[in-house]
Amino acid sequence: VPVTPTVTPPLSPSPPSALRLQASSRPPFTACVRSNSNRAAISHLHRQLYGRLYPVLLVNTDGSTTRLRYAEPKRILMMPLDSSTLPEAERKARLRRHFPSKPKAKEQESYEGIDLDTYKKFWKK
């Protein structure tokens, strides 16, 4: 006696696919536009959220390093330094490096001590 498989219907109706909904809502004869993060990627993908985790080197304030997985493709992450824990001399040195002084105005050259007759032969007539 041949056995015929029986198919039971699902208990709840399955929702229609998002692709079918999107395809049916499009008017006919339109050009396909890639509306995702890769549509204008020339140098790198312009994404807010990356689909995987990347190996990154985390540098702590004491100089120790840790390898971890990070959501963005970076090589090194540095923890911010708390300047209130630094000695006063090192804090001032960091501030001087961060905010350098304005360049001093140079003195303008004066041509009073130059004898112009010695350079007369180089002038065009």
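Residues numbered from 1 in each chain as written. Predicted model: local features only at pLDDT ≥ 70, side-chain atom pairs only at ≥ 80, totals over all residues. Heavy atoms only, no water.

- Named according to an unreviewed UniProt entry, the chain is RM55 protein originating from Cettia cetti.

**So, a positive patch on the surface**
- Among the surface-exposed residues, Lys-92, Arg-94, Arg-96 and Arg-97 lie close enough to one another that they form a single positively charged patch.
- Positionally, Arg-96 belongs in helix α2 (residues 88–98). (Patch = residues over 30% accessible without salt bridge, like charges linked within 9 Å, V, L, I, M, F, W, Y side chains within 5 Å. Areas by Shrake-Rupley, 256 points an atom, 1.4 Å probe, with all protein chains shown as cover. Salt bridge = Lys/Arg side-chain N within 4 Å of Asp/Glu carboxyl O. Lys, Arg positive; Asp, Glu negative; His and termini not counted. Charge placed at Lys NZ, Arg CZ, Asp CG, Glu CD. Helix = DSSP H or I, 4+ residues; strand = E, 2+ residues; numbered from the N terminus.)

**Let's talk about the pattern of salt bridges**
- Under the counting rule described, the total for this entry stands at two salt bridges.
- Among the ionic pairs, Lys-74 bridges to Glu-72, the shortest N-O distance being 3.8 Å.
- Assessed through its relative accessible area of 36%, Lys-74 is described here as partly exposed.
- Since its relative accessible area comes to 31%, Glu-72 is described here as partly exposed.
- With its nearest N and O atoms 3.0 Å apart, the salt bridge here joins Arg-91 to Glu-88. Here Arg-91 pairs with Glu-88, and both are found in helix α2, just three residues apart, close to one helical turn.
- Residue classification places Glu-88 among the partly exposed residues on the basis of a relative accessible area of 45%. (Buried < 20%, exposed > 50% of the residue type's maximum accessible area, 1.4 Å probe, protein only.)

**Here's the deal with the sheet that holds strand β2 (residues 65–70)**
- Within the open sheet, the three strands sit side by side as β2-β1-β3. Their pairing is mixed. In this open sheet, the two edge strands, each paired with only one partner strand, are β2 and β3 (76–78). In this sheet, neighbouring strand axes are inclined to one another by 35° on average, regardless of whether the strands run parallel or antiparallel.
- Pairing analysis gives three bridges linking strand β1 (residues 54–59) to β3, with the strands arranged parallel. Bridging from a neighbouring strand, Leu-57 pairs with Ile-76 of β3. (Pairing = 2+ DSSP bridges. Axes fitted to C-alpha atoms, helices over the stretch in contact; angles between N-to-C directions.)

**Some thoughts on the pairing of β2**
- As paired elements, β1 and β2 share six bridges and run antiparallel to each other. Counted as the bridge partner of Leu-57 is Arg-67 from β2.
- Remark: five residues form the turn of the hairpin made by β1 and β2, two consecutive strands paired antiparallel; Gly-63 in that turn has positive phi of roughly 100°.

**Topic: the confidence of the model for the chain**
- Residues with a pLDDT of 70 or more make up 59% of the chain, whose mean pLDDT is 75.
- Per-element averaging of pLDDT across the chain places helix α1 (residues 18–25) at the bottom with 52 and β1 at the top with 93. (pLDDT = per-residue confidence, 0-100.)

**Regarding the environment of Leu-95**
- Mapped onto the secondary structure, Leu-95 falls in helix α2.
- What makes Leu-95 partly exposed here is its relative accessible area of 45%.

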